[in-house]
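Spelled out, the chains give:
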Amino acid sequence: MHTRHVTPAWRTLTTLLVGSLVLAACSSGTTDSSGKAVTLILGTTSDDFYKAIECGAKLRSKETGVTLTVQGAGQWDPALQVPIVDAVTATKPDAIVIAVTDDTALFAPLNTAVQGGSKLVLVDTTLKDASIAAGHIGSDYVLYGKQGAEQIAKLTGGKGTVLGIFAPPGVSTNDQGRTGFSAEMAMYPGMTLLPFEFSSGEAGKSAAIVNAALAAHPDLAGIFTFNGGDSQGVVTALREAKASDRVNFVSGDGQPFQVEQLTAGLVKALVIQQARTMGKLSIDYALSAIAGEDVPDETALPTVVGNLDNLTTPEVADNLYAPC
Amino acid sequence: MGNTNAISVTESDLILTVRDVRKSFGRVEALRGADFDVRRGEVVALMGDNGAGKSTLVKILAGVQAADSGVVTLDGNEVVFASPDEARAAGIETVYQDLALADTLDSAANLFLGRELRRQGFLGHIGFLDNRRMRREAREAFASLQVTVRSEHDAVGNLSGGQRQGIAVCRAATWAQHVLFLDEPTAALGLRQTRNVLDLICRVRDQGISVVLISHSLPDVMQVADRIEVLRLGRRIAQFTTVDVSADDVVAAITGARGSGQDDEGQDL
Amino acid sequence: MNAKLASWLTRPTTTMLLVLVGIIAIFAALSPTTFFTLANGQGILSNVAILLVVAVGATFVIITAGIDLSVGSVLVFSSVLGAKAMTAIGGDSLPAILSGLLVTIVAGGAWGVLNGVLVAKAKVPSFVVTLGTLGAAYGLALVISGGVDVRSVPTPLVEFGNGRWLGIPVIFSIAALITVIAGIALALTVFGRRTYAIGSNEESARRSGIRVERHLIKVYALAGALAGFGGFLSLARFGTTTIAGNNTLNLQVITAVVIGGTSLFGGIGWMFGTTIGVFIPVVLANGFIIRGVVPYWQYVAVGTVLITAVLLDQRRRLRQLS
């Protein structure tokens, strides 16, 4: 028979394992029996945009006595988000607020949650079949794209070649953004809109796209990115090509690093979503739904254009993405 | 354990003969017309200093390499081995120094490695193992050669060096039909384990399989081998019958010091 | 039979089984009405299914002392090809669904064969080979799909993928069946025995007459085919391809296999262990969410269990060498 040697390493590990389980036991938090339980499931936990939504939701929850739990996966992956929804469903929250990572894959598990009695509010992205949700809060994505196009037209004087970088088709927010962007672009006959390029907030990819675009179109006058994450790649590529002044870059989203880029003149304007308001409203809608009241099916918050002129005004400053 | 006194050499006594085999690797001539004889039912030691050509000869006979020229005869038939599989199919097994055991498998699994027994009927057809039969036959094989395996279910990696050697030799002996080559079987073993392996070699011979013992250890060779053949610089330079020769003579032949014994042509060295 | 029982008790897998039972017991005690419910159990089984199917294939590969990093990409590629096939044949008919099944398995198997040939014949380390096919399969999936998820999966298939038999999610039952068959093959057939032999000592296996190259190709092909089938199950469950996802599937699968007691050094492993290994991270994540633990601690917990499993394996190996 083998004798078991309890080595120091073994002991440390056992402690760690038991420790994390004890953590699981302790961190259930205090349940305020009078307040409602709402779980917020983010698109990813690593994006400032979702952190801003979370901040708005947290502040509102404190005001209204809601017990808010926040969950999310580290990556934008429906295969990772579905198990989270399943587990959250088991906790039977009064309401679930979620930014779905896929408009089809998340339907079944969310439906199960709704059947189980939880109310559903969709924030940011939406389901193809949103009938199971009390309501959806997003930005006016068509306006989002339109404003982006407007800014580029203004900056370029209505002339030149323009490139738009969006997430691949299938993400409802981006699809609508492209519609708005194209429609506005069509108003300027002096501008040539290149075929859309696709990147989902991946700096490396967007950098490569811009490199190629600059090579193929030396007269490139303007670039618009829908997703904040792509902004980094565009700025880098423009800087490397020494084209930061020549090419007018308008960037969607208002993450902290984007604000820095704006201040440094590498980005000419930001199109900012009212993320905190989204978070705040989602709690209000969740409470209304729980109380059985009507909630608007679709709420599209207008986006706000931010530039060096208006950066400090409350309308813009309050909506810059930041955790709290 | 004993040394047989085989005096007369007739052709029918020889199970394996090697005549005038040559092998070069580029400009290096490893074998320059080497000869080698193995008789039925004997233990013959193949000795020689480093570079004498022992391992090359063994590789050729095991089918790992092909000779440039020469004739190899097995059981009266001329043979050429294009691969180790052919050598094994012809009835020659080799146990190299690394033992070629699968350390995470048990002794029965190792015995039947590559030759697994299947169940009868349909199940066997689709590949189901007959573990019970393999265990049983393994037990019998080990018993017949008096190899003790401490635990049937234990992975052979957990067993001692001596037991592992015993299993490797027993495996080769089980499948060999004519000749078994052992490459430095006692090199890594202690005294008691060495004695066990030497006893095992005798038992293998007694079961009718000739054993070719490649070894640097003169004491081992003097103890267990019936005859000794010495290679030097790619040729056989001496054949001894163990009982008739002294250790010094053998050493001298290996190192090439003063003339000792006779070479194949019957000439004094 | 005492020796056999003893060898079972000291297996790392047994420790992991106790860990799993312990985790379930703790969460059940802490959250009896939310964790320990039929609905939550069904959810866990659904989330285990695809991971399990892919982990079965990975078990064979890892036992041969190899590794397959391409499984996530192969799954995505196969699901794209399968979805395209089903759309091409059109409609909700059975031929369409069966064509999807065939295409996903063959597509996955083809990548597996490529992996196997490069590993076995070209003698490129499996880590490097599968890293390459990881990129290639993903890239081809993007090329074929244009970067757009294919969302037209036949409705009957989606109903099937989300359905239940006798209270158990169908995809889990299928995964369990595959696991049992594969486990039996691994433990009781010549194919399984030779898989262990090659992982234990490839040279020894070769010298024993085992056609090592051919066997390795079969093993990698099996892993690829199972990843492809995982793609089919994914289509059935989600009703869409998930091109952007499955990035960490390869690591999740390897973690599960290693937690289950299979050694990364080859020659040792059990399908039963893989099953436990798949459940532990899924149950941990589920329980943590139910307890409201900050998501990041889940990674810490899974990492701890993985390190424990590897250390146990190390101890077992050192015992062998002494």
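Residues numbered from 1 in each chain as written. Chains lettered and ligands numbered in written order. Predicted model: local features only at pLDDT ≥ 70, side-chain atom pairs only at ≥ 80, totals over all residues.

**Q** Hey, could you run me through the overall build of chain B in this one?
**A** Scanning chain B for helices and strands turns up nine helices and 10 strands. Taken along the three principal axes of its C-alpha coordinates, chain B extends 65 × 40 × 35 Å. Here chain B, with 269 residues, has 47% of them falling under the buried criterion. A sequence separation of at least 24 residues applies to 66% of the contacts in chain B between residues at least 6 apart. (Helix = DSSP H or I, 4+ residues; strand = E, 2+ residues; numbered from the N terminus. Buried ≥ 20, exposed ≤ 12 C-beta atoms within 10 Å, placed from the backbone. Contact = placed C-beta atoms within 7 Å.)

**Q** I keep staring at the overall build of chain C and nothing clicks. Help me out?
**A** Secondary structure summary: chain C contains 14 helices and two strands in total. Over its C-alpha atoms chain C spans a radius of gyration of 20 Å, differing by no more than 12% from the 20 Å that the globule rule assigns to 322 residues. Counting only C-alpha atoms, chain C reaches 60 × 55 × 35 Å along its principal axes. Sequence separation of at least 24 residues holds for 79% of the intrachain contacts in chain C that already meet a minimum separation of 6. (Rg over C-alpha atoms; globule rule 2.2 N^0.38 Å.)

**Q** Help me out: how do you make sense of the pairing of strand 6 (residues 160–166) of chain A in this one?
**A** In regular strands, side chains alternate between the two faces of the sheet. Residue and element names in this part refer to chain A. Within strand 6, six of the seven residues are buried, leaving the element largely enclosed by the surrounding structure. Sheet topology places strand 6 next to strand 7 (residues 191–193); three bridges connect them, and they run parallel. Its bridge partner being in strand 7, Val162 is matched across the sheet by Leu193. Assessed by its sense of winding, the connection that carries the chain from strand 6 through helix 6 (residues 172–185) to strand 7 is right-handed. Bridge analysis of strand 6 against strand 9 (residues 220–225) gives five bridges, and the strand direction is parallel. Residue Leu163 lies in a different strand from strand 9, and its bridge partner there is Ile223. (Pairing = 2+ DSSP bridges. Right-handed = clockwise from strand over helix to strand, strands pointing away.)

**Q** Would you take a moment to explain the packing of helix 9 (residues 190–200) of chain C against helix 11 (residues 212–238) of chain C for this structure?
**A** For any two helices packed against each other, the geometry comes down to the angle between their axes and how far apart the axes lie. Residue and element names in this part refer to chain C. Two numbers describe how helix 9 lies on helix 11: the axes approach to 11 Å, and their chain directions differ by 110°. Relative to helix 11, the element helix 9 lies roughly perpendicular. In this structure, helix 9 crosses over helix 11, and the sense of that crossing is left-handed. Only Val212, His215, Leu216 and Val219 of helix 11 make contact with helix 9, whose side of the interface consists of Arg194, Thr195 and Ile198. For the contact of helix 9 with helix 11, a count of residues per class yields four nonpolar, two polar and one charged. (Axes fitted to C-alpha atoms, helices over the stretch in contact; angles between N-to-C directions. Parallel < 35°, antiparallel > 145°, perpendicular 65-115°, else oblique. Left-handed = near helix turned anticlockwise from the far one by under 90°. Nonpolar A, V, L, I, M, F, W, Y, C, P; charged D, E, K, R; others polar.)

**Q** Which parts of the structure should I look at to understand the interface of chain A and chain C?
**A** At the junction of the two partners, chain A supplies 42 residues and chain C supplies 44 residues. When residues of the side of chain A that touches chain C are traced back to their parent elements, those giving at least two are helix 1 (8–26), strand 2 (67–71) and helix 3 (78–90) of chain A. No other element matches helix 3 of chain A, which puts 10 residues into the side of chain A that touches chain C. Within the side of chain A that touches chain C, the residues separate by chemical class into 23 nonpolar, 15 polar and four charged.

**Q** For this particular structure, what's the right way to read the sheet that holds strand 2 (residues 28–39) of chain B?
**A** In a beta sheet, neighbouring strands are held together by backbone hydrogen bonds and run either parallel or antiparallel to one another. Residue and element names in this part refer to chain B. Pairing in this open sheet of four strands is antiparallel, and the strands run 2-1-4-5 from one edge to the other. Strands at the two margins of the open sheet, each flanked by one partner only, are strand 2 and strand 5 (77–78). As paired strands, strand 1 (residues 14–25) and strand 4 (residues 69–74) are joined by five bridges and run antiparallel to one another. When the bridges of strand 4 are listed, Thr17 appears paired with Thr73. Packing against the sheet, helix 1 (residues 54–61) makes contact with strand 1, strand 2 and strand 4, and its axis sits at approximately 65° to strand 2.

**Q** Help me out: how do you make sense of the sheet that holds strand 10 (residues 235–241) of chain B in this one?
**A** All names here are of chain B. The strand order across the open sheet built from six strands is 6-7-8-3-9-10, with neighbouring strands paired in mixed fashion. Every interior strand has two partners, whereas the edge strands, strand 6 (92–95) and strand 10, have only one. Between one strand axis and the next, the sheet turns by 20° as a mean value, whatever way the strands run. Pairing geometry for strand 9 (residues 227–232) and strand 10, over six bridges, is antiparallel. Residue pairing across strands places Ile228 opposite Phe240, the latter belonging to strand 10. In the packing of helix 6 (residues 161–175) onto the sheet, the strands contacted are strand 6 and strand 7 (179–183), and the crossing angle to strand 6 comes to about 175°. Each of strand 3 (43–47), strand 9 and strand 10 touches helix 9 (residues 247–255); the most contacted strand, strand 9, lies at about 25° to it.

**Q** Looking at this structure, I do not really get unusual backbone geometry. What am I missing?
**A** Apart from glycine, the bulk of residues carry a negative phi angle, and the bulk of peptide bonds sit in the trans form. Its identity as a non-glycine residue notwithstanding, Leu99 of chain B has a phi of 70°, on the positive side. By the secondary structure assignment, Leu99 of chain B is in the loop between strand 6 and helix 3 (107–111). Although it is not a glycine, Ala65 of chain C adopts a positive phi angle of roughly 70°. Within the secondary structure layout, Ala65 of chain C lies in the loop between helix 3 (38–63) and helix 4 (71–89). On the neighbour-count criterion, Ala65 of chain C (18 C-beta atoms within 10 Å) is partly exposed.

**Q** Would you take a moment to explain the interface of chain B and chain C for this structure?
**A** The figure often quoted for interface size is the accessible area lost as the parts come together. Taken residue by residue, the interface counts 22 residues in chain B and 22 residues in chain C. With three residues, helix 2 (residues 84–89) of chain B is the largest single contributor of residues to the side of chain B that touches chain C. When grouped by side-chain class, the residues that make up the side of chain B that touches chain C number 10 nonpolar, seven polar and five charged.

**Q** Honestly, the confidence of the model for chain C in this entry has me stumped. Any pointers?
**A** Caution applies to low-pLDDT regions: their predicted coordinates should not be interpreted in detail. Put simply, chain C has an average pLDDT of 90, and 96% of its residues get 70 or more. Quick note on the complex model: pTM equals 0.83, ipTM equals 0.85. (pLDDT = per-residue confidence, 0-100.)

**Q** How do you make sense of the environment of Gln75 of chain A when you look at a structure like this?
**A** Following the sequence through the fold, Gln75 of chain A ends up in the loop between strand 2 and helix 3. Taking the number of C-beta atoms within 10 Å as the measure of exposure, Gln75 of chain A has 17 and is therefore partly exposed. Beyond its immediate chain neighbours, meaning those up to four positions away, Gln75 of chain A contacts Thr44 and Leu80 of chain A together with Asn247 of chain C.

**Q** Before we go on, may I ask you to explain the arrangement of the chains in this structure?
**A** Contacts are most numerous, across the two pairs of chains in contact, for chains A and C. Separated in space, chain A and chain B share no contact, their closest pair of C-alpha atoms being 12 Å apart.

**Q** So what exactly am I meant to see when it comes to the pairing of strand 6 of chain B here?
**A** Residues and elements named next belong to chain B. Covered by surrounding structure in strand 6 are Ile92 and Thr94 together with Glu93 and Val95, the residues of both alternating faces. Pairing of strand 6 with strand 7 involves four bridges; the strand directions are parallel. For Val95, the partnering residue across the bridge sits in strand 7 and is Leu182.

**Q** Is there a simple way to think about the packing of helix 8 (residues 228–240) of chain A against helix 9 (residues 256–263) of chain A in this case?
**A** All names here are of chain A. Two elements in contact, helix 8 and helix 9, have axes whose closest approach is 9 Å; the angle formed by their N-to-C orientations is 40°. Considering the angle they form, helix 8 stands oblique to helix 9. Note on packing geometry: the crossing formed by helix 8 with helix 9 is left-handed. Two secondary-structure elements touch here, helix 8 through Gly228, Ser231, Gln232 and Val235 and helix 9 through Phe257, Gln258 and Gln261.

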